[in-house]
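Below, each chain spelled out in residue letters.
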Amino acid sequence: MRVEDSRFIRGRGNYTDDVKLPGMLYMEILRSPLAHARIISIDTSRAWAIPGVRLVLTGEMMAQRNLAWMPTLSYDTQAVLATDKVRFQGQEVCVVVADDPYIAKDGCEAIDVEYEPLPPIVNPEQSAAPGAPVIRDDKQGQVDNTCYRWEVGDREATERAFAEADVVSKLKLHYPRSHPSPIECCGSVADFDPATKKLTVYMTSQAPHIVRSAVALIAELPEHMIRIVSPDVGGGFGNKVPVYPGYVHSILASILLGKPVKWTEDKTGNLISTGFGRDMYLDGEMALRSDGKILAVRMHADTDQGAFFADAQPSKFKIGLMHSTFACYNIGTGYITAQGHYTNKAPGGVAYRCSFRVTEAMFFQERMVQAAADDLGIDQAEFRRVNLLPDDAFPARTPFGFLVDSGQYDKCLQIGLDAIGYEEFRREQAAARAKGRLLGIGISTMTEPLGAGNSREYDILGIKMFDSAELRVHLTGKAILRTGAKTQGQGHETTWAQIVSHELGIPAADVVVEEGDTDTAPYGMGTYASRSTPVAGAAVSMVSRKIRAKARKIAAHLLEVSEEDIEWELGRFFVRGAPERGATIQECAMAAYSNMPDGMEPGLEGNAYYDPPNLTWPFACYIVTVEVDPETGVWDVLRVVAVDDCGVRINPMIVEGQIMGGLTEAYAMSNMQFQTYDAEGNIVGSNYMDYLIPTAWETPGFELHEVVTPCPHHPIGAKGVGECAAVGGPAAFVNAVLDAIAHTGVRNIDMPVLPDRVWTALQTHQDVS
Ligand code: PCD
């Protein structure tokens, strides 16, 4: 059991909605029913007249305080409350604060807004069409709906490689929009104390320090008078990285009223207005030699960004780490272009269980690899073997500039093939097909760049992507550790204590871990993109080593020998040549407060800020087998085999839990968890009746295996793992279904691979998008 489970399974967690302060008021948001419309008038008089309503905020009131718009983490702007137009269904239009949440809701219903509807734009094609209405007419110089354009790679070299290719394989697909949908929605309790002028905000955030700095910069409040506290977080999945308008509303309301104001978002609010994931159209091709060698790849991505560019990704690259695509293959050269499009849909493009657009990248990669293998008539596994980077290739520079530093890709693939019984399955498949049964096998091999990032390339609003740890060893040898990361269920309270224990020999049970309070935690960039172990986890090692270095001096003093004569074994220093003469780390801790050497600063505590030299590069091989019902297109998963290499595993049980969680989401992504919009811009998928997240009932069983290739630059050799299965998994499921119907010649069915799509493919022998 994990340390934190003791309180979670007893229902003793402490989430933002559990925070109750004296005199607290409640806030509700009035959202736009239309996707695109000009606001003609807003009449709030009926709302103000309701007893118990304390405040009604409009965009105009925000504008008077220069708060109608706020910067996003991707250098765009986002409306805090709409002033001129609404740009997506669900956009924040007004806010009501009242004595209880029901009065606040009644208040919202009593606001009269007159809209003049404008034509809605719901996909990149409409967005880029000539004459399309300009969604972001608030931005100076914005003449169309282009959000960004971006390119990377070597265009000429790629063209040459394509000219020399024996075969060119093409693939076009859509990665549908989905929502991270943590069980706990967003929310905040803002508490401005008019006497001390201190602002405390309890909120469910993956990155409390970024929020503090953002509030300081946007609201121009002194940073030391802002305290952000993220208590227990009921899941993040990338959804809780951005700064949302609701936080700003509750903060302003508390400042204006001098009382604590609570905002608890409901499920629909969360699903329709906060950071979504994916919604990307990918079109690419691969240049191939007939012996199976990949010569080059070319790819274009059109992303539907929604109304505001609010990605929350910390790279200098407009489309995140999209260009990590094909990083585990030796592809020679490549060229990628991307265009972001504004549409009348909710803003986002957040890293939903993904290191910034890597999910789309790996999905395209593994779908393309299967298509290419089929075009060449080469077995999928063999095609991968020919092109994966060999063990002696590391460190390898990808054509797009990443440095992939370690891995045993062949071994990983082989373990997966052996586990599933690849050859045997192929025989079974052929025998079954002869009887009209459709079996399929799908493979996905992928690497993911985790642990953003080094300060040369990664920052958020200019703040470098380091992380930190602070360790205080008390005189009895017990300790408290704080980091700049913020666990949301991943288990940091367990694993960080294990790292301290591994470095210092203090039992893990003697180390309490605390994260999420900006008044006490050292500055850090938070938890997303599986960066905590690679960055904050490394800082935990480093600070423990600093403590050990000081303890060594104390041990020398206690043992009356010079420091050079001191040896270390886990938890204890001893005199070289006289191992019976020793001092435990606990004895050193006691001495640090009671018997320190002359001239030494008392105490045993320290901190470490860690700027990682590189990302970490875990690798995985996922293999799925399915059976497709030819009559209905329904497909059932037979087996799922996962082989993950995330370097040294701190806690194997937690790692397995992370992989199972990721595989569950991968399965869901492939066939049930998606959001669409109708032609009017109404969102379909605004509640759990229309937006399906998997339960234990539909989730298949998983068979897990491992390879351990330590990360060469991480202090304990660990790589990130939290997202890998969600990133690499979807392609394995889709590849399996397509393999089962390979005889139809169908090359692509877009996700969600619903039975009707499979059935259509079986009937028409055409790709289904
Ligand atoms: N580990 C170990 N070992 C190794 C690695 C790792 O042990 N080698 C572990 C750690 O320590 C932790 C975990 O495992 O505990 C994880 O980790 P990582 O990989 O580092 O990660 P992080 O940073 O911590 O986390 C993050 C992630 C993400 S990113 C996501 S989405 C998701 C995942 O995580 N989310 C979540 N998972 C999870 N789980 C839970 N329960 N919940 C949640 O919410 Mo993003 O970007 O945000 O989208």
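Along each chain, residue indices are assigned from 1 in the same order as the chain's sequence is written. Only residues with pLDDT of 70 or above have their local features reported here, since the model is predicted, and side-chain atom pairs are shown and tallied only from 80 upward, although totals for entire chains, interfaces and linings are computed over all residues. The side-chain values count all of the structure's non-hydrogen atoms but skip hydrogen atoms and water molecules.

### Observations concerning the overall build of the chain
The condition that has to hold: Only DSSP runs of H or I covering at least 4 residues are called helices, and only runs of E covering at least 2 are called strands; the numbering of each starts at the N terminus. For a compact globule the rule gives 2.2 Å times the number of residues to the power 0.38, and the radius of gyration it is set against comes from C-alpha atoms. Think of it in three bands: residues with accessible area under 20% of the maximum for their type are buried, residues over 50% are exposed, and the middle band is partly exposed, with areas taken using a 1.4 Å probe on protein chains only. The contact criterion used throughout is that any non-hydrogen atoms of two residues lie within 4.5 Å. A 1.4 Å probe and the Shrake-Rupley method give the accessible areas. Residues count as covered only by the protein chains that appear here. In this tally, Lys and Arg are treated as positive and Asp and Glu as negative; His is ignored, and so are the chain termini. Lysine's charge is taken at NZ, arginine's at CZ, aspartate's at CG and glutamate's at CD.
Check the secondary structure of the chain and you find 19 helices and 34 strands. For 769 residues, the compact-globule estimate of 2.2 N^0.38 gives 27 Å, and the chain sits close to it at 27 Å. Principal-axis analysis of the C-alpha atoms gives the chain an extent of 85 × 75 × 50 Å. Counting only residues that meet the buried cut, the chain has 62% of its 769 residues in that class. Of the contacts formed within the chain by residues at least 6 apart in sequence, a portion of 78% connects residues at least 24 apart. Working note: accessible area of the chain is about 27,500 Å², and carbon and sulfur atoms make up 52% of it. Side chains of the chain give 69 positive and 99 negative charges; the mean places of these two sets differ by 3 Å.

### Let's talk about the environment of F394
Along the polypeptide, F394 turns up in the loop between helix 11 (380–387) and strand 18 (396–397). For F394, a relative accessible area of 15% puts it in the buried group. As a C-alpha pair, F394 and S406 span 12 residues in sequence and 5.6 Å in three-dimensional space. Setting aside residues up to four positions removed in sequence, F394 forms contacts with L389, V404, D405, S406, G407 and Y409.

### Topic: the packing of helix 14 (residues 492–504) against helix 15 (residues 532–559)
This is how the line gets drawn: Axis definition: a line fitted to C-alpha atoms, limited for helices to the stretch in contact. Angles are taken between N-to-C directions and run from 0 to 180 degrees. By the definition used in this description, the sense in which the near helix is turned from the far one sets the handedness, with an anticlockwise turn below a right angle giving left-handed and a clockwise turn giving right-handed. Amino acid classes used here: Ala, Val, Leu, Ile, Met, Phe, Trp, Tyr, Cys and Pro are nonpolar; Asp, Glu, Lys and Arg are charged; the rest, including Gly, are polar.
Helix 15 packs onto helix 14 with a crossing angle of 35 degrees between their chain directions and a minimal axis gap of 9 Å. Crossing angle aside, the handedness with which helix 14 passes helix 15 is right-handed. Judged by residue contacts, H492, W496, I499, V500, E503 and L504 of helix 14 engage S532, T533, A536, G537, V540, S541, S544, R545, I547 and R548 from helix 15. Considered class by class, the residues forming the contact of helix 14 with helix 15 number 7 nonpolar, 6 polar and 3 charged.

### Thoughts on the site of the ligand
The following threshold applies: Any residue with at least one heavy atom within 4 Å of a molecule or strand is counted as near it.
In the vicinity of the ligand, 38 residues are found, and the nearest of them are A351, R353, H492, A529 and Q658. Sorting the residues of the shell around the ligand by element identifies helix 14, helix 15 and helix 17 (652–671) as the ones contributing at least two each.

### Quick word on the environment of A538
By the element assignment, A538 lies in helix 15. Residue classification places A538 among the buried positions, given a relative accessible area of 0%. Excluding residues within four positions of it along the chain, A538 makes contact with T533, Y610, H714 and P715.

### Topic: the domain arrangement of the chain
Heads up, the condition is: Either an automatic procedure or a domain database provided the assignment from which the domain bounds are taken. Buried area: the sum, over both parts, of the accessible surface (1.4 Å probe) that disappears when the two are put together.
Partitioning the chain into structural domains gives domain 1 (5–118 + 186–265), domain 2 (357–367 + 380–452 + 614–764) and domain 3 (467–610). Spacing between the C-alpha centres of domain 1 and domain 3 amounts to 39 Å. In this complex, domain 1 contributes 23 residues to the contact, which on the side of domain 3 involves 18 residues. Across the domain 1 to domain 3 interface the summed buried area is about 1,500 Å²; carbon plus sulfur atoms make up 48%.

### Description of the packing of aromatic side chains
Just so we agree on the cut-off: Whether two aromatic rings pair depends on their centres lying within 6.5 Å, for rings of Phe, Tyr and Trp, where Trp uses its six-membered ring; planes under 30 degrees apart make the pair stacked, over 60 edge-to-face, and the rest tilted.
Evaluation of the coordinates by the stated rule reveals 18 aromatic pairs. Between W69 and F308, the aromatic rings sit 6.0 Å apart at their centres with planes inclined by 80 degrees, giving edge-to-face as the arrangement. Here W69 is found in strand 4 (residues 69–71), whereas its partner F308 is found in the loop between strand 16 (294–306) and strand 17 (333–342), with 239 residues between them in sequence. Judged by relative accessible area, which is 25%, W69 ranks as partly exposed.

### Notes on the pairing of strand 28 (residues 578–584)
Counted only if it meets this: Each pair of strands is called paired provided DSSP finds at least two bridges between the two strands.
Bridge analysis of strand 27 (residues 572–575) against strand 28 gives 4 bridges, and the strand direction is antiparallel. When the bridges of strand 28 are listed, F573 appears paired with A583. In textbook terms, the turn of a hairpin is the stretch between consecutive antiparallel strands, and for strand 27 and strand 28 this stretch comprises 2 residues, one of which, G577, has a positive phi near 85 degrees.

### Quick notes on the state of the cysteines
So the rule is basically this: By convention in this document, the label disulfide applies to cysteine sulfur atom pairs within 2.5 Å.
Taken as a whole and judged by the stated rule, the model has 0 disulfides. Free of any disulfide, C147 has its nearest neighbouring cysteine sulfur in C354, separated by 17 Å. The closest cysteine sulfur to the non-disulfide-bonded C724 is located on C646, 7.1 Å from its own sulfur. For C724, a relative accessible area of 1% gives the class buried.

### Observations regarding the pattern of salt bridges
Selection criterion: Salt bridges are defined by distance alone: a side-chain nitrogen of Lys or Arg within 4 Å of a carboxyl oxygen of Asp or Glu.
Per the counting criterion, the structure on display carries 50 salt bridges. Measuring nitrogen to oxygen at the nearest pair gives 2.9 Å for the salt bridge that ties R177 to D279. Residue R177 is located in strand 10 (residues 167–178), and its partner D279 is located in strand 15 (residues 277–288); the two are separated by 102 residues in the primary sequence. By the burial criterion, R177 is buried, and D279 matches it. In this structure, the salt-bridge partner of R212 is E223, at a minimum N-O distance of 3.2 Å. Placement of R212 in helix 7 (residues 208–218) and of E223 in the loop between helix 7 and strand 13 (226–229) is noted, with a sequence separation of 11 residues between them. Among the charged side chains, a network of salt bridges with common partners joins R38, D76, D84, K85, R87, R136, D137, D138 and K139.

### Some thoughts on unusual backbone geometry
That bond from A452 to G453 is cis: its omega, -15 degrees, falls within 30 degrees of zero. Summarising the element assignment, G453 is placed in the loop between strand 20 (438–447) and strand 21 (459–460). Here the amide bond leading from M751 into P752 is cis, since omega sits at -5 degrees, within 30 degrees of zero. Structurally, the position occupied by P752 is in the loop between helix 18 (724–740) and helix 19 (755–764). The backbone phi angle of S181 is positive, close to 45 degrees, even though this residue is not glycine. Here S181 lies in the loop between strand 10 and strand 11 (187–192). The backbone of R357 sits at a positive phi, close to 70 degrees, despite the residue not being glycine.

### Focus on the sheet that holds strand 13
Read from one edge to the other, the open sheet built from 7 strands follows the order 3-7-1-14-11-12-13, with strand pairing classed as mixed. Edge positions in the sheet fall to strand 3 (53–58) and strand 13, since each has one partner strand and no second. The mean angle between the axes of side-by-side strands here comes to 20 degrees, regardless of whether they run parallel or antiparallel. Sheet strands in contact with helix 8 (residues 245–257) are strand 1 (25–31), strand 3, strand 7 (92–98), strand 11, strand 12 (199–203) and strand 14 (261–264), and its direction is about 25 degrees off that of strand 11.

### Brief notes about the sheet that holds strand 15
Ordered in space as 9-17-16-15-10, the 5 strands form an open sheet in which the pairing is mixed. At either margin of the open sheet sits one strand with a lone partner, and together these are strand 9 (146–153) and strand 10. Across the sheet, the mean angle from the axis of one strand to that of its neighbour is 10 degrees, orientation sign disregarded. Pairing between strand 16 and strand 17: 10 bridges, direction parallel. Note that in strand 17 the partner of D304 across the bridge is H341.

### Details of helix 19
To be explicit about the condition: Arc definition: directions from the helix axis to the C-beta atoms.
Along helix 19, the residues that are buried comprise R757, V758, A761 and L762. Projected down its long axis, helix 19 carries its buried residues within an arc of 140 degrees, all on one side. Tucked inside the fold, the buried residues of helix 19 contact strand 20, strand 30 (619–628), strand 31 (635–645) and helix 18. Taken from the residues just after helix 19, H765 is the one with a positive phi, measuring 55 degrees.

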